Amino acid sequence: MDRCGRPGESSSEEDLELYLTKLCSDVTLYSPKEGFFNHYMEQIDAQVSQDFLDKFGQLKSDEDRLLKTWGVKPIHTLKVQSFYRQKSREVSECRREEGNKAFQEKKNGQALVLYSQAVVRAPHDEGKSLALALANRSAVLYHMDEYHLCLTDIDLAIQAGYPPNLMYKVLDRRGQCQLQLGQYNSALLAFTAAAHALATSGLDKKKLESWKKDLSIKIHSCQGKTDAGDPAPSKTTSAILFQGSSKVLPNASSALTLNTSKDEGRYLVARGPIPAGQVLIAERPYSAVLMDDKCGSHCIHCYHRLVAPVPCPWCSGVAFCSPRCRDLALATYHRWECKFLDLLKGSGVSLNCYLALRVITQHGLPYFKKLQHRLNQPAIMPSASCRQNPNDYLSFYHLVALEESRSPRDFFQRSLLATFLLKVLQRANFFGKWDDEGPPDKALTEDEVLVGRLILRHLQLIQFNAHELSGMAFASGKINFKKTKSVFLGLAVYPTISYCNHSCFPAVTRYFEGDKMVIVSLRPLQAGDVVAENYGPIFTHHPRQERQRKLLSRYWFRCNCEACRGDWPVYNNMVNKRVIQCHTCKSPLPQPAHNQSHVTCKECGNSTNIVQADKTLHQANKLYVAACQHMDEGHREEAISSFTSFVDIVSGLVVPPFRELHLSMQALRLLIASRGTIHTPGIPAPDASSTKQ
């Protein structure tokens, strides 16, 4: 190893694995290249001795680690203060004028983006910039047939103090939207209110009479009409759990059960036969965070793509898809995080750290003080007598953290990050009014110690239990299931799904409905089979040594799945030769002699009719051909049905690896992913956090 810890040419495989493990562990905390936290960490490392780290490694609790770190004087040289994208009336008005020009030139998409930037940058307590930007955006939304969004903007504009002399305009536009939606009674009220608002309009006589005449015609057109019914709901594939919900794990199918062992920990297995294509888990996250570079294009609360962003009243760095999402965020996490978002971004801390903080801010201090007495209770295995509550903090708190395998240096780094995040909460007044004039290293209160040690716990368990939150997009913008890409949106923790262990030959795949993850069986399972997902490296794409290194360095275990035990080849090296399995014990059968119809299994002694197996496989191949054709023609559900039937049949007859089987499973991954949230170009993203000034 060199002085920087990098393995040299003569280093052993063990040295390389240790280096990769340290590298991956560091990346789960902060960027090694961007932000100030990396440099801060180096400075602190240079000031603590090996003796200090050795003693630090002997500490037994997260509370002791937090307090020991807080007592290291140099850590308090880091200045923590609010830093965020503030409002600007000047920028807002400039964007609104640019939007007006684009709207006049009938460039509606460009106008929408500019008006949205005007909305996000407008101060909420200074002048009419916000109200005017919202009203102008409502006009372009009306012309783009986005009537519901237009109505929302009109309501927000009025709430923001839209000028009384212009009120008749937005009330008239409200009525026109409601006419288009078949809401005649509401439209009648809107047009009537617009007619009354003309009294304060200040219009000259000619324009006033023209408006009165126009509104009178509209009022008459609404009278005596019955409102249209609600539009038919859009056709979506509902995530209905196979065989209903489990009585023990409410977000999982009753076809699953939870096992535990010393080597495997807690893990899900099948209770009985499960065909391919069945929904096994459907779960909303316990906590989730949006990637920083998606905060301008997606709602930070529900993660849907923004069309007409609803602004935060305090900062310009995030936006919401609706007033409902805004209000939920402001009532919980965003009230604490808002004015420190750019500080966190500038620090270079990882998304894991944002998530560790979010678990705290989404609940608030009283919540954690109330459950404090439960934290020392041992983890209880969910059972018929103790049903899992995935929304309970302890379902998150007791996820595996591998603290027994951590080095003193790893604990110290995570403790440093915990103190940094704790300082952010102090200055956000999370614990009460913060005294800026007081010493930064003053003794921690009981509440601060509680929250600090919980953050430290979060930083450990999120490392192994966080899932990527994503959607799917067609690479060309057109429906082509063979050319899709995953759209990485953020990071989340799903307590039930965290019970799925890894396999390089996974049993399940996933898709997302917003932030809800849906787990679907990818191949048939029998009673006792492990319901394994894939943590990244899959055997068809990565050779065994590469997979082993990635898993050992990132998740701290050496995979022993059947693909690793058998050192299965990747696609390109896979020979399309099928080996029939014993119909009783599933062991591979020897090659039959010429004209031999039955083969005896060397493992169990039972005989299998291989002629019948060949006939069944020949028939199954027709399903494979049909599935590929459905996929090429864009018929998703028909393709899924044919592929799952093929996989079910072939899995019961052929010993893997078998090229056509794995190609079918890969096709199923792509098709099932498209059942979820699809990200299409459509209306240009407003980019609420645009840096353009």
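Residues numbered from 1 in each chain as written. Predicted model: local features only at pLDDT ≥ 70, side-chain atom pairs only at ≥ 80, totals over all residues. Heavy atoms only, no water.

An unreviewed UniProt entry lists the chain under the name SET domain-containing protein, from Cherax quadricarinatus.

Trainee: Tell me about the side chain of Asn251, and please be specific about residues and values.
Mentor: For Asn251, the location among the structural elements is in the loop between α11 (205-222) and β1 (256-261). A polar contact of 3.1 Å, which involves the side chain of Asn251, links it to the side chain of Glu283. Once residues lying within four places of it in the same chain are set aside, the contact partners of Asn251 are Leu241, Leu280, Ile281, Ala282, Glu283, Pro390 and Thr496. (Helix = DSSP H or I, 4+ residues; strand = E, 2+ residues; numbered from the N terminus. Polar contact = N/O pair within 3.5 Å; in protein donor to acceptor, adjacent residues only side chain to side chain. Contact = heavy atoms within 4.5 Å.)

Trainee: Lay out the environment of Pro163 in plain terms, naming residues and giving numbers.
Mentor: As for its placement among the helices and strands, Pro163 is situated in the loop between α8 (147-159) and α9 (167-180). Each C-alpha atom, one on Pro163 and one on Lys128, is 7.7 Å from the other, the two residues being 35 residues apart in sequence. With residues near it in sequence (within four places) discarded, Pro163 still touches Lys128 and Leu132.

Trainee: Describe α8, with residues and values.
Mentor: Spanning 13 residues, α8 covers 18 Å between terminal C-alpha atoms, matching the ideal 18 Å at 1.5 Å per step. Here the buried face of α8 lies against α7 (129-143), α9, β5 (310-311) and α12 (323-331). Gly161 lies just past α8 and shows a positive phi near 90 degrees. (Expected span 1.5 Å × (residues − 1).)

Trainee: Could you give an account of the side chain of Asn100, naming the residues involved and the relevant values?
Mentor: In this structure, Asn100 sits in helix α5 (residues 89-104). Aside from chain neighbours lying at most four places away, what touches Asn100 is Tyr115 and Asn136.

Trainee: Describe the state of the cysteines, naming the residues involved and giving the relevant values.
Mentor: Tallied over the entire structure, the rule returns 0 disulfides. With no disulfide of its own, Cys299 lies closest to Cys302 among cysteine sulfurs, the gap being 3.8 Å. Cys299 gets classed as buried once you look at its relative accessible area, which sits at 0%. Distance from the sulfur of Cys338, which forms no disulfide, to the nearest cysteine sulfur (Cys315) is 3.5 Å. (Disulfide = S-S within 2.5 Å. Buried < 20%, exposed > 50% of the residue type's maximum accessible area, 1.4 Å probe, protein only.)

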